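As a plain string of letters, each chain reads:
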Amino acid sequence: MTTLMIQGTTSDAGKSTVVAALCRWLARQGVSVAPFKPQNMALNSAVTVDGGEIGRSTALQALACGIEPHSDMNPVLLKPQTDSGAQVILRGQVHGNMGALDYHAYKAEAAESVMAAWRALSERYDVIVAEGAGSPAEINLRANDIANMGFAEAADCPVLLVGDIERGGVFAQLVGTLTLLSESEQARIAGFVINRFRGDAGLLDSGLSWLTERTGKPVVGVLSYLKGLLLDAEDSVNLGGAEGGGKLRVTVPRLPRISNHNDFDPLRAHPEVDLRFVGEGEAIPPGDVIILPGSKSTRSDLGWLKAHGWPAAITRHLRYGGHVFGICGGFQMLGEWVADPDGLEGTPGNTEGLGWLAINTRMVSGKQLRNVTGSLHLDGPENPVPLTGYEIHNGVTTGAALNRPLAYLDGRPDGAISDDGQVMGTYVHGVFDRAEACKALLAHWGLRSRRAVDYQQHRLHQLDRLADQLEKELDTDLLRRLLKLNGETV
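The rules behind the values
- Residues numbered from 1 in each chain as written.
- Predicted model: local features only at pLDDT ≥ 70, side-chain atom pairs only at ≥ 80, totals over all residues.
- Heavy atoms only, no water.
- Pairing = 2+ DSSP bridges.
- Helix = DSSP H or I, 4+ residues; strand = E, 2+ residues; numbered from the N terminus.
- Axes fitted to C-alpha atoms, helices over the stretch in contact; angles between N-to-C directions.
- Contact = heavy atoms within 4.5 Å.
- Core = buried A, V, L, I, M, F, W, Y, C linked by side-chain atoms within 4.5 Å.
- Buried < 20%, exposed > 50% of the residue type's maximum accessible area, 1.4 Å probe, protein only.
- Salt bridge = Lys/Arg side-chain N within 4 Å of Asp/Glu carboxyl O.
- Phe/Tyr/Trp six-rings, centres within 6.5 Å; stacked < 30°, edge-to-face > 60°.
- Lys NZ or Arg CZ within 6 Å of the ring centre and 35° of its normal.

1. Side note on the sheet that holds strand β3 (residues 39-41)
- With mixed pairing, the 4 strands of this open sheet are ordered in space as β3-β6-β7-β8. Of all the strands in the sheet, just β3 and β8 (93-99) have a single pairing partner and so form its edges. Across the sheet, the axes of successive neighbouring strands diverge by a mean angle of 25°, strand direction being ignored.
- Here strand β6 (residues 76-82) pairs with strand β7 (residues 85-90) via 6 bridges, running antiparallel. Across the sheet, the residue bridging to Lys79 is Gln87, located in β7.
- Relative to the sheet, helix α3 (residues 100-122) contacts β3, β6, β7 and β8, its axis offset from that of β8 by approximately 150°.

2. What to know about the nonpolar core
- Counting residues in each nonpolar core, the largest one holds 57 residues, and the members touching the most others are Val250, Leu267, Ile291, Phe325, Leu376, Phe432 and Trp445.
- Setting aside its immediate chain neighbours within four residues, Ile291 contacts Val250, Thr251, Val252, Pro253, Phe264, Leu267, Phe325, Ile327, Phe432 and Trp445.
- Membership of the second largest hydrophobic core comes to 44 residues, among which are Ala62, Leu121, Val159 and Leu181.

3. Regarding the pattern of salt bridges
- Counted by the stated rule, this structure contains 25 salt bridges.
- In this structure, Asp12 and Arg167 form a salt bridge, with 3.9 Å as the shortest nitrogen-oxygen distance. Here Asp12, found in the loop between β1 (2-8) and α1 (15-28), pairs with Arg167, found in the loop between β10 (159-164) and α5 (170-179); they are 155 residues apart in sequence, far enough to count as distant.
- A residue is classified by how much of its surface remains accessible, and Asp12, at 48% relative accessible area, is partly exposed.
- Overlapping salt bridges, with partners in common, bring together Asp12, Asp164, Arg167 and Arg196 in one network.

4. A short note on the packing of aromatic side chains
- This structure, assessed with the given rule, holds 9 aromatic pairs.
- Taken together, a centroid distance of 5.4 Å and an interplanar angle of 55° make the contact between Phe325 and Trp445 tilted. One end of the pair, Phe325, is in strand β18 (residues 323-327); the other, Trp445, is in the loop between α12 (435-444) and α13 (455-473), with 120 residues separating them in the sequence.
- When the ring of Phe331 is compared with that of Tyr427, the centres are 5.3 Å apart and the planes differ by 85°; the resulting orientation is edge-to-face. Of the two residues, Phe331 is situated in helix α11 (residues 329-333) and Tyr427 in the loop between β26 (423-426) and α12; the sequence distance between them amounts to 96 residues.
- On the accessibility criterion, Phe331 (1% relative accessible area) is buried.
- Under the relative-accessibility criterion, Tyr427 is labelled buried at 6%.
- Three or more aromatic residues joined by ring pairs form one cluster here, namely Phe36, Trp118 and Phe151.
- One residue, Arg198, lies across the ring of Tyr225, its end atom 3.5 Å from the ring centre.

This is the structure we're talking about:
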């Protein structure tokens, strides 16, 4: 077994896409490969084949490998609930809630889960491509580090350091990061990758030569900016939709604790959908559909909606014939009450909902984690539409509105749809991923189109674009030596 780790000079330097590219490139050569992220902080997650929960980007990398995502691939997942606290997921299951200082002290114990998961994964695959988090030069977080060099040292693996030239100062990024590492960590850096370059790469030649002379480290390659690349983002919400807008106008409030915003990627990719995220201080535009997204803190985000004028905007929107759709936490918000007596998402208490569906939700311990298969029933049970997705939630919802479910999942009802068909909700994430379901929902909202986006095929196409780029622009001979694919090491 061989492990290669990809670290970055900053958050969003491109670590996730470089790991996905490596995984896809290796899988296409028939190499048994799996992704691994020791620690991740994200509100975008996926359900694994073993009934656990991992970061969404790691699940995408598993797809690049051609394998099912497993909880061993991301043994520590932190899901922020406040600015200073998060839910801690260990090997796919909820461990508890911790403040930042408490978790910092807990990392020495979390390291045991990280290394156990890595060893278990290493027994099943020949190559592990690991991904760091943030930057290894965050010296305030170095004690008991498990996300970057702490793991690389424990696993005794080489590291490639990625810098984002689009941010500017890429040579300072790379040299500065290297300088702040210890001598043993510096020795572990096997080379540099420069990401998101636009223009004539020949203009970089003198800088690349200087970088190698200054550090003694090779530049593995310069990855050019890929236009139109649309893949599951780790944290940041892409604010735009398809270029040129579209016939159907969809508005999504950018909640402070928005979760699984990747639900909207198929709409972003649809050429006839104009998708807009609206944040604090931004005017709520007119549109055809308002979609309330998932939330890690449903009651808190419900309060944010009320404070920023969304209830009045939704009332006006529905009066003029618009549609409203809630996903998971957004579905809960559409009801009459959200109760959290045990304080699972914050201070115990009840919060009045938006009141558009006759449902009530109570937060209970024991998170629902499952992949689901079923059908949408937009026009009643006689016209089912195939649906796939996944559930990640704590709430248990009851009420009269559930008597008209939106979907059936593995034989049980899910969600609700109002009598006039204007308001509906579901617990299913990934509801737009399957082409048939996406097309049916858009048609219900007024977009009668022959076009459909098969988002799973879209993902695979984008992953192949990344692998093709890696083959062309990186030193694949050096990569093969690092991965011991030719029976030799660097």
